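# Observations on the model geometry
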Amino acid sequence: MALNFGTYFDGGKVVKAGGESVAFKPEDHEVIGLYFSAHWCPPCRGFTPELAKYYNDLKAKNRTLEIIFISSDKDETAFKEYFAEMPWLALDFRHRETKNELAQKFGVSGIPTLVFLKKDGSIATTNGRGEVMSDKDRTMSWLSK
């Protein structure tokens, strides 16, 4: 069930803060997180700062982790407000069908859900949230499980 990144993220579908489209190159990263979350979701609002700290800590250790926020917000204004708190990339809010396809592909039935993929698109873990919370030393040991 490897993900073909080009199918879902090419053609200006990935944006950075401010809404500018960026080319996403999975081969440049050890692992890619797909973060299904929303502004209106209290557990998401609690986990996002923890994930941001984890992300920034790993970046400081020169680990090549990237995360793509996949919003379940009800409108683009809420998406932009919530995404402004995040240091990573996002699937452009306009691509609702892509969001739905990804959620279905990974069996997302609730949020927050964090799926980590290897650069070849294979699943590293579907329990990214649990792995982040238990990886106190920031070693990403879960990647080699």
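Scroll up for the structure.
As the structure is a computational prediction, the values presented were derived from the model and not from experiment. (Residues numbered from 1 in each chain as written. Predicted model: local features only at pLDDT ≥ 70, side-chain atom pairs only at ≥ 80, totals over all residues. Heavy atoms only, no water.)

### Here's the deal with the overall build of the protein chain
The helix and strand inventory of the protein chain stands at five helices and six strands. The helix and strand sequence of the protein chain, counted from the amino end, reads α-β-β-α-β-α-β-α-β-β-α. Radius of gyration (C-alpha) of the protein chain: 14 Å, near the 15 Å computed for a compact globule of 145 residues. With the principal axes as the frame, the protein chain shows a C-alpha extent of 35 × 30 × 30 Å. Taking all 145 residues of the protein chain together, 48% fall into the buried category. When contacts within the protein chain are restricted to residue pairs at least 6 apart in sequence, long-range pairs at least 24 apart make up 66% of them. Positive and negative side-chain charges in the protein chain, numbering 20 and 20 respectively, have mean positions lying 3 Å apart. (Helix = DSSP H or I, 4+ residues; strand = E, 2+ residues; numbered from the N terminus. Rg over C-alpha atoms; globule rule 2.2 N^0.38 Å. Buried < 20%, exposed > 50% of the residue type's maximum accessible area, 1.4 Å probe, protein only. Contact = heavy atoms within 4.5 Å. Lys, Arg positive; Asp, Glu negative; His and termini not counted. Charge placed at Lys NZ, Arg CZ, Asp CG, Glu CD.)

### Considerations on the environment of histidine 29
If you trace the backbone, histidine 29 turns up in the loop between strand 1 (14–15) and strand 2 (31–37). Separated by 19 residues in sequence, histidine 29 and threonine 48 place their C-alpha atoms 21 Å apart. Filtering out sequence-adjacent residues up to four positions away, histidine 29 remains in contact with Phe24, Thr64, Leu65, Glu66 and Lys119.

### Quick look at the environment of arginine 94
Structurally, arginine 94 can be placed in the loop between strand 4 (89–91) and helix 4 (96–105). As a C-alpha pair, arginine 94 and serine 141 span 47 residues in sequence and 35 Å in three-dimensional space. A distance of 2.7 Å separates polar atoms of two side chains, one belonging to arginine 94 and the other to aspartate 92. (Polar contact = N/O pair within 3.5 Å; in protein donor to acceptor, adjacent residues only side chain to side chain.)

### Points about the packing of aromatic side chains
Inspection of every chain in the model, using the stated rule, returns 13 aromatic pairs. Judged by centre distance (6.2 Å) and plane angle (25°), the ring pair of phenylalanine 69 and phenylalanine 83 falls under stacked. You can see phenylalanine 69 sitting in strand 3 (residues 65–71) and its partner phenylalanine 83 sitting in helix 3 (residues 76–83), a full 14 residues away along the chain. Since its relative accessible area comes to 0%, phenylalanine 69 is described here as buried. One aromatic cluster in this structure is built from Tyr35, Phe47, Tyr55, Phe69, Phe79, Tyr82, Phe83, Trp88 and Phe93. (Phe/Tyr/Trp six-rings, centres within 6.5 Å; stacked < 30°, edge-to-face > 60°.)

### Structural notes on the pairing of strand 2
Here strand 2 lies mainly inside the structure; seven of its seven residues are buried. Judged by which residues are buried, strand 2 turns out to be covered on both faces: Val31, Gly33, Tyr35 and Ser37 on one side and Ile32, Leu34 and Phe36 on the other are all buried. Relative to strand 3, strand 2 runs parallel, the two being bridged by seven bridges. Following the sheet pairing, phenylalanine 36 is matched in strand 3 by isoleucine 70. In this fold, strand 2 hands off to helix 2 (residues 42–60), which returns the chain to strand 3; that crossover is right-handed. Examined bridge by bridge, strand 2 and strand 5 (residues 113–118) share six bridges and lie antiparallel to one another. Considered in strand 5, the bridge of leucine 34 is made with valine 115. (Pairing = 2+ DSSP bridges. Right-handed = clockwise from strand over helix to strand, strands pointing away.)

### Structural notes on the sheet that holds strand 6 (residues 123–125)
Ordered in space as 1-4-3-2-5-6, the six strands form an open sheet in which the pairing is mixed. On the outer flanks of this sheet lie strand 1 and strand 6, each paired with one strand and no other.

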